[in-house]
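The residues making up each chain are set out below.
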Amino acid sequence: MDKLSDDTILYRAITKKKWIDPDKAVDAEAFILRWFPKREEYEKALSAALEPEQAYNRLSKCWGVICFTVRDVRELGLDAIQDKPDHVSIINVPNPETHEKEATDIGTKLAKKSRLFLDRLDNPIINKK
């Protein structure tokens, strides 16, 4: 895959309603690696997409979509790698267990650079599998 330009817009599905606060601002938690209890590990990277629909088409429920740029990611020492035609991995994200302060700081900074692109907070997208 080609290297993504800094101006590339990325879209991230809102998988947890609490990722957006009552004022419709993006919460830092949207950019902190999640713990998967069944696998007993943190996710390896954050997921994003190049088109809004690609961000949520594989999810059972989506509360909306947030957007930000590859530049926003790279300015924080992270990178965005297109690893599939419909998927981008945001890599080098600090593990919140071993680097809690850094993970929170980066999550907060990226959340401030992001905006709510698609608001489905009152009417989530439900994909039947």
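Notes on the structure in this doc start here. None of these values were measured; they are calculated from a predicted model.

What the chain contains, in helices and strands, is three helices and ten strands. Taken from the N to the C terminus, the helices and strands of the chain come in the order β-β-β-β-α-β-β-α-β-β-α-β-β. Since a compact globule built from 129 residues should have a radius of gyration of about 14 Å, the 14 Å found for the chain is in line with a globular shape. In terms of overall dimensions, the chain has a C-alpha envelope of 35 × 35 × 30 Å along the principal axes. Out of the 129 residues in the chain, the part that is buried amounts to 44%. Contacts in the chain between residues far apart in sequence, at least 24 positions, make up 72% of those at least 6 positions apart. Entry remark: accessible area of the chain is about 7,600 Å², with carbon and sulfur atoms responsible for 49%. Put simply, the chain has 23 plus and 23 minus side-chain charges, and the middle of one group is 5 Å from the middle of the other.

Right, let's get into the pairing of strand β8 (residues 87-91). Burial runs high along β8: four of the five residues are buried. Bridge count for strand β4 (residues 46-48) against β8 is three bridges, and the pairing is antiparallel. Bridge assignment links Ser 47 to a residue of β8, and that residue is Ser 89. Adjacent in sequence and paired antiparallel, strand β7 (residues 79-84) and β8 are bridged by two residues.

As summarised here, the arrangement of the three strands in space is β4-β8-β7, forming an open sheet in which the pairing is antiparallel. Two strands bound the open sheet, and with one partner strand each, they are β4 and β7. Put simply, the sheet's adjacent strands are angled 35° from each other on average, direction ignored. Sheet topology note: the β7/β8 ladder contains five bridges and is antiparallel. Looking at β8, one finds that Lys 84 is bridged to His 87.

On to helix α3 (residues 100-113). Its 14 residues give α3 an end-to-end C-alpha distance of 20 Å, which sits within 8% of 20 Å, the value for a rise of 1.5 Å per residue. Turning to α3, its buried residues number three or more, namely Ala 103, Ile 106, Gly 107, Leu 110 and Ala 111. Seen from one end, α3 has its buried residues packed into an arc of 135°, which puts them on one side. In α3, the exposed residues that point more than 90 degrees away from the buried face are Lys 101 and Lys 112. Buried-residue contacts for α3 involve β6 (64-69) and α2 (70-74).

Spatial strand order, β1-β6-β9: three strands in an open sheet with antiparallel pairing. Lying at the two open borders of the sheet, with one neighbouring strand each, are β1 (9-13) and β9 (115-119). Direction aside, the axes of adjacent strands within the sheet are offset by 30° on average. Bridge analysis of β1 against β6 gives five bridges, and the strand direction is antiparallel.

To continue, consider the nonpolar core. If you look at the biggest cluster of nonpolar residues, it comprises 28 residues, and the most contacted ones within it are Leu 10, Phe 31, Ile 66, Phe 68 and Ile 90. Among the elements of the structure, β4, β6, α2, β8 and α3 are those that each provide at least two residues to this core. Those residues within four positions of Phe 68 in sequence are excluded, and the remaining contacts are Thr 8, Ile 9, Leu 10, Arg 12, Phe 31, Ala 48, Val 73, Ile 90, Leu 110 and Ser 114. Counting residues in hydrophobic clusters, the runner-up holds nine residues, among them Tyr 56, Cys 62, Val 65 and Cys 67.

The rules we used
Residues numbered from 1 in each chain as written. Predicted model: local features only at pLDDT ≥ 70, side-chain atom pairs only at ≥ 80, totals over all residues. Heavy atoms only, no water. Helix = DSSP H or I, 4+ residues; strand = E, 2+ residues; numbered from the N terminus. Rg over C-alpha atoms; globule rule 2.2 N^0.38 Å. Buried < 20%, exposed > 50% of the residue type's maximum accessible area, 1.4 Å probe, protein only. Contact = heavy atoms within 4.5 Å. Areas by Shrake-Rupley, 256 points an atom, 1.4 Å probe, with all protein chains shown as cover. Lys, Arg positive; Asp, Glu negative; His and termini not counted. Charge placed at Lys NZ, Arg CZ, Asp CG, Glu CD. Pairing = 2+ DSSP bridges. Axes fitted to C-alpha atoms, helices over the stretch in contact; angles between N-to-C directions. Expected span 1.5 Å × (residues − 1). Arc of directions from axis to C-beta. Core = buried A, V, L, I, M, F, W, Y, C linked by side-chain atoms within 4.5 Å.

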